Amino acid sequence: MRVPLGWLAEWIDLPDPEALAEAFTLAGLEVEGVERTGPDLSGLRVGLVLEKKPHPNADRLSLCRVDAGEGEALEIVCGAPNVAAGQKVAVAKPGTRLPDGRRLERARIRGVESHGMLCSAQELGLGEEQAGILVLDPAAPVGAPLERWLRAGDVVLEVAILPNRGDCLSLLGLAREVRTHFGGEPRLPACEPSEGKRRAAQDVRIAIEDAEGCHAYVGRVVRGVRVGPSPDWLRAKLESAGLRAKNVIVDVTNLVLLELGQPLHAFDLAKLRGGVVKVRRAAAGDAITTLDGHERKLGARDLVIADAERAVAIAGVLGGANTEVSETTRDVLLESAHFDPARVRHTGRRLGVFSEASLRFERGVDPEGVRRAADRAARLLAELAGGEVSAGVVEAKGRPPERCAEVRLEPARVNRLLGTSLGEAEIAASLARVGVESNAQGGALACRIPSWRNDLAIPEDLIEEVARVHGYARIAATIPRGPLVPGRLPESWSLAETARDALRAEGAVELVMLPFLDARDLDALQLAEDDPRRATPRVVNPFVESEAQLRSTLVPSLLRVARENLKREKDRLALFEVSRVFRATRTGELPEERLALAAVFTEGDPRSPWEANGPPLFFRARGAAQRLLAALGRGTLEVRPGTGEPWLHPGAAAELLVAEEVVGSLGGLHPEVASRFEIDLPAVVLELDLERLVALPRRPARYREVSPYPRVRRDIAVVVDAGARAGEILAALRRSGGDELASVDLFDRYGGPGVPEGKISLAFRLCYQRGDRTLTDEEVTKGVEGLVRMLRERFGATLRAQGGTT
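Cut-offs used in this document
Residues numbered from 1 in each chain as written. Predicted model: local features only at pLDDT ≥ 70, side-chain atom pairs only at ≥ 80, totals over all residues. Heavy atoms only, no water. Core = buried A, V, L, I, M, F, W, Y, C linked by side-chain atoms within 4.5 Å. Buried < 20%, exposed > 50% of the residue type's maximum accessible area, 1.4 Å probe, protein only. Helix = DSSP H or I, 4+ residues; strand = E, 2+ residues; numbered from the N terminus. Contact = heavy atoms within 4.5 Å. Patch = residues over 30% accessible without salt bridge, like charges linked within 9 Å, V, L, I, M, F, W, Y side chains within 5 Å. Areas by Shrake-Rupley, 256 points an atom, 1.4 Å probe, with all protein chains shown as cover. Salt bridge = Lys/Arg side-chain N within 4 Å of Asp/Glu carboxyl O. Pairing = 2+ DSSP bridges. Axes fitted to C-alpha atoms, helices over the stretch in contact; angles between N-to-C directions. Arc of directions from axis to C-beta. Lys, Arg positive; Asp, Glu negative; His and termini not counted. Charge placed at Lys NZ, Arg CZ, Asp CG, Glu CD. Phe/Tyr/Trp six-rings, centres within 6.5 Å; stacked < 30°, edge-to-face > 60°. Lys NZ or Arg CZ within 6 Å of the ring centre and 35° of its normal.

Caption draft 1: Region of interest: the nonpolar core. Grouped together as the largest cluster of nonpolar side chains are 49 residues, with contacts concentrated most on Phe24, Leu157 and Ile249. For this core, the element with the highest residue contribution is helix H6 (residues 248-260), accounting for 8 residues. Ile249 has contacts with Val225, Val227, Ala266, Val325, Val332, Leu381 and Ala385, leaving out every residue within four places of it along the chain. Membership of the second largest hydrophobic core comes to 36 residues, among which are Val221, Ala313, Val317 and Val394.

Here it is as structure tokens:
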């Protein structure tokens, strides 16, 4: 916003432009530029002529001694006939650049050295007078910068008004801001007009049909106006503020807009049909040709001003050409209203129309200033356009705008947030300077918000005002105090990071996916219709229209990535993701979030030597899961055959248990699911509920010294029922082996010739070791025999073969 300081000075006494610009900027109204419309007098000073005597070598020249406020007096040769001792004059010292661009140099004039120049009005760019020097007011202080004492032209500040400070988009608002920082009281111009006998209600009536869109509407009728050019002073004020003058009617509305911040619009009263003005929503098919000559189609949410037959203006945005004031206009209806800011903003953005009026309506105008602006404009039209103001106003009321009328502010909270020690009286005085009246009530201040400050609604808003008035520079800098305490990561975060590290160690690649899924993915996973994972929260504005649900499982995302890699002949895959999944809760509550892990492993090329000689895919995945659980330190993983999830093959699926609690699933991908996701290689899917693992007690790590004595290895093969669970047998061996059994592993499963029908051969590798001595063969043999006996009794096993090494 362009702010001419000469105009603003009519409203309130101003400090120096530099001080004002600094205060505005520090208070949040950034001054982006300072423009001087007159000559640059920055290098000149006010001087006092101490003595005048004739030049020794020239009859028309004088030799003057001048005090420029900088110590020793200057000897200056002057040819002006009006110079005299005791005058205050404009002095330019050597090195000064004059307003016309010349740089003054030290000179010898008729044998006498001159140390400056006494300037005429022409040399200062202030007029045509050049016969004599410019004599200043005797009150001008010696040595003062000339521009501070002699105002030449005007100074215009370019001020960036923040979106929440719509009250500052006027001279009145800026005058209040000057009062805040420098004191004084704004001087409002006369507003109330002289009225004629004819009543305004005889010419027009007003109705608000959209009470939410228009909160108040005031009309003033001015009859018998003469439309013509505005007087020079009015044109000059508008142009200094960056607006183009048009005619006296339009110029007056723009002048009041700049003065009071209230947009106005003038209708040619004769062009309003039916003698009625209605504020309503645009009807279907409504269109209007606006003042800029463009026809604009209106929408159902747009607010319009209409007469009895058609729309005549877009409320708060732009007037219509069908009621435009012209040279033939004689009677004018002045509109002053308070529109809903959101509606004005919506219409302006949709139509791509931005005006000085919409700029102010979008930020909110003073609801108590609507009548005042209409009165001010009517008074000016009567004075400048020769009109007569009809008696009274025509007005209508809608729903009052929502605004905060009172805020309770605790002084202790002010000081706590600002780091100050202000008393209650100081805080109240600071608030009073921004127009906020307050009363002490029970250890707090009851603060009444002025109508023009719609940005003040909560205690923090008032605290910011206290800081602005008190001065940010006066708030002492303090070093924050905080005790040093050991950092502690959430258990879930640590568990997730450990899981990531463990799977990366297995050669798996981590994925980071967006947390959305397509509802069709849940169908592809064969989830039952009543499966709670189908009830996932929906996203209001999804990135992709089809992916409008939050994920309840990580599996679909992994399968889609696996599909894209397989299409590009990347066959041996190990992919995983650790993220949160979401489950819907009761209506109105936030969804439940659970930390989950999922991984997908695919078979590689069977012709590869690694694949041909390596373990089956399921067992590779199971081994990765076992090592993962070992790294998490939440107990021993138990793999139990079970139906698992619907996307797993029923004959190759297992539940994962820790401490008898199911924590996940593992199994081959169901052929139907693989087909729907276009995965044509064997795949195994692992899923873990990390949230359940977090709830399980952490098993503390146990350490022991590495034994310097050799291990003794024995291999045994036992025949058991084909339905026996190898995991249970393995767990039984570990429990029964005693401290000397260092490890036991299953390394072979055989069910061919040599093994009875319905039976299967399982081979286990047993390793024995002590930390204090070498075991003897007899001790190891005794231990193996005890394990074989246990297997016979518990699982009906028979020993098929045994061997070993030391």
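Caption draft 2: Main features of a nonpolar patch on the surface. Together, Leu514, Phe543 and Val544 make up a nonpolar patch on the protein surface, roughly 340 Å² of accessible area in all. Checked against the element boundaries, Leu514 lands in the loop between strand E27 (509-510) and strand E28 (516-517).

Caption draft 3: Seen up close, the sheet that holds strand E35 (residues 683-689). A sheet is described by the order of its strands in space; here 7 strands give the open sequence E27-E30-E31-E35-E34-E33-E32, paired in mixed fashion. The sheet is open, and its two borders are formed by E27 and strand E32 (637-641), each paired with just one other strand. Here helix H17 (residues 617-632) sits on the sheet in contact with strand E31 (592-602), E32, strand E33 (648-658), strand E34 (661-669) and E35, set at roughly 20° to E35.

Caption draft 4: Seen up close, helix H2 (residues 17-26). Restricting attention to buried positions, one finds in H2 the residues Pro17, Leu20, Ala21, Ala23 and Phe24. The buried residues of H2 all sit within an arc of 165° when viewed along its axis, so they share a single face. Looking at H2, the residues exposed on the side facing more than 90 degrees away from the buried face are Glu22 and Leu26. Where H2 is buried, its residues meet helix H1 (5-8), strand E2 (30-36), strand E10 (155-160) and helix H4 (171-182). Gly28 occupies a position one or two residues after H2 and carries a positive phi of about 105°.

Caption draft 5: A look at the sheet that holds strand E5 (residues 74-78). Strands sit in the order E5-E4-E3-E6-E9 across an open sheet of 5 strands; the sheet is antiparallel. Strands with a single pairing partner mark the edges of an open sheet, and in this sheet they are E5 and strand E9 (117-118). Relative to E5, strand E4 (residues 58-67) runs antiparallel, the two sharing 5 bridges. Each bridged residue has a counterpart across the sheet, and for Ser62 the counterpart in E5 is Cys78.

Caption draft 6: Quick peek at a positive patch on the surface. Residues Arg699, Arg702, Arg704 and Arg711 make up a contiguous surface patch of positive charge. Within the element layout of this structure, Arg704 appears in the loop between helix H19 (690-695) and strand E36 (712-721).

Caption draft 7: Structural detail: unusual backbone geometry. Although it is not a glycine, Glu569 adopts a positive phi angle of roughly 65°. Mapped onto the fold, Glu569 is located in the loop between helix H15 (555-567) and strand E30 (574-583). Positive phi is not limited to glycine here, since Glu660 has a value of about 65°. Structurally, Glu660 is set in the loop between E33 and E34.

Caption draft 8: Molecular detail of the pattern of salt bridges. Per the stated rule, a full pass over the model turns up 74 salt bridges. A salt bridge links Glu18 to Arg36; the shortest N-O distance between them is 3.0 Å. Of this pair, Glu18 sits in helix H2 while Arg36 is found in strand E2, placing the two residues 18 residues apart along the sequence. On the accessibility criterion, Glu18 (39% relative accessible area) is partly exposed. Residue classification places Arg36 among the partly exposed positions, given a relative accessible area of 36%. The salt bridge partner of Asp375 is Arg371, with a shortest N-O separation of 3.2 Å.

Caption draft 9: How the structure looks around the packing of aromatic side chains. A full pass over the atoms with the stated rule returns 3 aromatic pairs. Considering the side-chain rings of Phe339 and Phe361, the 5.1 Å spacing of their centres and the 65° angle between planes classify their relative orientation as edge-to-face. Residue Phe339 is found in strand E21 (residues 331-339), and its partner Phe361 is found in helix H8 (residues 356-363); the two are separated by 22 residues along the sequence. Both residues of the pair, Phe339 and Phe361, belong to the buried class. In this arrangement the basic side chain of Arg176 is found over the ring face of Trp452, its NZ or CZ atom lying 3.7 Å from the centre.

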